[in-house]
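These are the residues of each chain, in order.
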Amino acid sequence: MRFQRLDLNLLVALDVLLEECSVSLAADRLCLSQSATSSALGRLRDYFKDDLLVLKGRQMVLTPRGEELIEPVRKVLEQIRSTIAVAPEFEPETCDRQIRIMASDYVTEVLLTETLQWLEKEAPKMRFEIQSMSSNPVDSLDRGMIDMLLTVDFAMSSDHPCEFLFEDDHVVVGDANNPALSGPITADVYFALGHVTTRFGRSRIPVFEDWFLKRQKRARRVEVVAPTFLSLPGLLVGTERIATMHRKLAERVCGHMPLKMVDVPFDIPPIREAIQWHVASRNDFAIQWVIGQIRTRAIDMFGHDAARDNAGERSRLALEFQTNRESLNG
């Protein structure tokens with residue numbers, strides 16, 4: 001279909017090309033060959049009378065005209081998706097649809113693993129792609145790169161709907177033979193030991209406990225920074241290091257690894273995991289059905305008996321976390 005000489009099918013290719021600044025990466029996302037993607041770029045250049053992407057050194061960069069087109073193209077595609085595209089009748093048993101979810105390996109392990117087992121029976125043709133946490137997950141939701149985001153409620157955007165799923169607290173985990181864990185651990189011992197922690201993405205975004213402990217005005221000695229939550233346990237075995245982990249994950253790994261967990265020797269707020277979806281997906285029956293299934297499984301697995309924190313206090317903590325987390329990246 002053409003509109004004023006522009007093949008509207010090229011708008012999708014243009015959006016991805018402007019985001020990736022790479023023909024090969026855009027081809028992967030569009031499920032096209034590189035030659036087909038190059039051809040699309042050629043037709044876009046011809047229409048806009050501009051190169052849009054040019055080679056600078058070893059990488060491609062956007063021209064000023066390309067930069068100008070990023071937001072207008074994204075808004076046009078979002079408008080089409082939310083107001084024009086008609087969703088077919090949804091039947092879980094026959095739905096052949098890919099759902100893209102961004103979640104940490106922690107949430108994947110404690111919630112999504114069992115949920116996807118359940119969904120295989122309820123929606124056998126549905127496909128799922130779980131993406132690791134990026135440095136700016138809400139931006140991925142804004143851009144339509146994911147269908148839903150599962151993360152701590154602190155990281156949610158006020159621009160899109162979200163819903164609480166479950167709550168989890170923290171424990172200290174270490175090797176089963178670590179003498180420091182032979183009994184209850186004190187705060188002095190906790191801060192004296194070497195620590196293993198996790199940080200995410202290219203910007204090395206800290207986890208909540210990393211940020212919170214900075215507020216205690218006592219420095220802990222971080223000796224190992226791991227890329228994922230699930231890599232923490234193996235880095236503790238055979239050492240005298242400790243890690244501050246989510247209890248639900250710790251209970252799983254301590255059950256089949258030579259590890260031990262004890263209570264954190266001071267008060268640390270629990271984390272609250274939530275799910276968020278794009279505001280334009282409110283009438284997408286497939287996405288809403290999957291959200292409902294995840295919610296139901298979270299209730300079945302964890303219940304709703306978790307204590308709810310004071311809303312004002314959590315808002316204050318959330319603002320402080322968002323403001324200060326960049327200072328932890330170093």
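Everything numeric in this text was worked out from a predicted model, so none of it was measured.

(A) Structural view of the packing of helix H1 (residues 10–20) against helix H2 (residues 23–30). Contact geometry for H1 and H2: axes closest at 9 Å, N-to-C directions at 135°. Our classification of the angle between H1 and H2 gives oblique. Read as a crossing pair, H1 and H2 show a hand that is right-handed. In contact with Val12, Ala13, Val16, Leu17, Glu19 and Glu20 of H1, H2 contributes Val23, Leu25, Ala26, Arg29 and Leu30. Classifying every residue of the contact of H1 with H2 gives eight nonpolar, no polar and three charged.

(B) Examining the packing of aromatic side chains more closely. Applying the stated criterion across every chain yields a total of eight aromatic pairs. Both rings, one in Phe90 and one in Trp289, keep their centres 5.7 Å apart while their planes meet at 50°; by these two values the pair is tilted. Residue Phe90 is located in the loop between helix H4 (64–84) and strand E5 (98–103), and its partner Trp289 is located in helix H11 (residues 285–302); the two are separated by 199 residues in the primary sequence. The class for Phe90 is buried, based on a relative accessible area of 19%. By relative accessible area, Trp289 is classed as buried at 17%. For the pair Tyr190 and Phe266, a centre-to-centre distance of 5.2 Å together with 90° between the ring planes defines the contact as edge-to-face. Remark: Phe266 occurs in the loop between strand E14 (259–263) and strand E15 (271–277) and Tyr190 occurs in helix H7 (residues 187–192); sequence separation between them is 76 residues. Here Tyr190 and Phe266 have matching classes, each one buried. In this structure an aromatic cluster arises from ring pairing among Tyr106, Phe166, Phe229 and Phe302. Positioned above the aromatic ring of Phe302, the side-chain terminus of Lys248 is 4.9 Å from the ring centre. Above the face of the Trp118 ring, Arg297 is positioned so that its terminal group lies 4.9 Å from the ring centre.

(C) Representation of the side chain of His278 within the structure. With respect to the helices, strands and loops of the structure, His278 is situated in the loop between E15 and H11. Under the relative-accessibility criterion, His278 is labelled buried at 7%.

(D) Quick look at the sheet that holds strand E7 (residues 148–152). Taking strand neighbours across the sheet as the criterion, the five strands line up as E6-E5-E7-E15-E8 in an open arrangement whose pairing is mixed. Both edges of this open sheet fall to strand E6 (127–131) and strand E8 (162–168), since each of them pairs with a single strand only. Put simply, the sheet's adjacent strands are angled 20° from each other on average, direction ignored. Pairing geometry for E8 and E15, over six bridges, is antiparallel. Looking across to E15, one finds that Glu163 is bridged to Ile275.

(E) Broad picture of the pairing of E6. One ladder, built from five bridges, connects E5 with E6; its direction is parallel. Note that in E6 the partner of Ile101 across the bridge is Ile130.

(F) Quick peek at H2. All buried positions along H2 are accounted for by Val23, Ala26, Ala27 and Leu30. Angularly, the buried residues of H2 cover 105° about the axis, an arc narrow enough to put them on a single face. For H2, the secondary structure elements touched by its buried residues are H1, helix H3 (34–48) and strand E4 (59–62). Trailing H2 by a residue or two, Cys31 shows a phi angle of about 60°, which is positive.

(G) Looking closely at the nonpolar core. By size, the foremost hydrophobic cluster in this structure holds 45 residues, and its most contacted members are Leu111, Met148, Leu150 and Ile294. Broken down by element, the residue count for this core peaks at seven residues, all from H11. Those residues in contact with Leu111 that lie beyond four places of it in its chain are Leu150, Leu165, Phe166, Ile294, Arg297, Ala298, Met301 and Phe302. Residues Val23, Leu41, Phe48 and Leu53 belong to the second largest nonpolar core, which totals 19 residues.

Analysis parameters
- Going along each chain's sequence as written, the residues are numbered from 1 onward.
- With the structure being a predicted model, the display of local features is reserved for residues of pLDDT at least 70 and the display and counting of side-chain atom pairs for 80 or more, all residues being used for whole-chain, interface and lining totals.
- Only hydrogens and water are removed before side-chain values are computed, so all heavy atoms of the structure are retained for them.
- For helices, the fitted line uses only the C-alpha atoms of the stretch in contact; every axis is such a line through C-alpha atoms, and the angle between N-to-C directions lies from 0 to 180 degrees.
- By definition, any uninterrupted DSSP run of H or I lasting at least four residues is a helix, any uninterrupted run of E lasting at least two residues is a strand, and each is numbered from the N terminus.
- Each angle is binned into one of four classes, with values under 35 degrees roughly parallel, values over 145 roughly antiparallel, values of 65 to 115 roughly perpendicular, and all other values oblique.
- In a left-handed crossing the near helix is turned counterclockwise from the far helix by less than a right angle, and in a right-handed crossing that turn is clockwise.
- Any two residues whose heavy atoms approach within 4.5 Å at even a single point are treated as in contact.
- We call Asp, Glu, Lys and Arg charged. Ala, Val, Leu, Ile, Met, Phe, Trp, Tyr, Cys and Pro are nonpolar, and the rest, Gly among them, are polar.
- Centre distance within 6.5 Å is the pairing criterion for rings of Phe, Tyr and Trp, where only the six-membered ring of Trp is used; planes under 30 degrees apart are then read as stacked, over 60 as edge-to-face, and the remainder as tilted.
- For the exposure calls, accessible area comes from a 1.4 Å probe over protein chains only, and a residue counts as buried if that area is under 20% of its type's maximum, exposed if over 50%, partly exposed in between.
- Criterion for a charge above a ring: Arg CZ or Lys NZ at most 6 Å from the ring centre, at most 35 degrees from the ring normal.
- By this definition, two strands are paired if DSSP reports at least two bridges between them.
- The reported arc concerns the directions from the helix axis to the C-beta atoms and nothing else.
- Residues enter a nonpolar core if they are buried and are Ala, Val, Leu, Ile, Met, Phe, Trp, Tyr or Cys, with the set joined through side-chain atoms within 4.5 Å.

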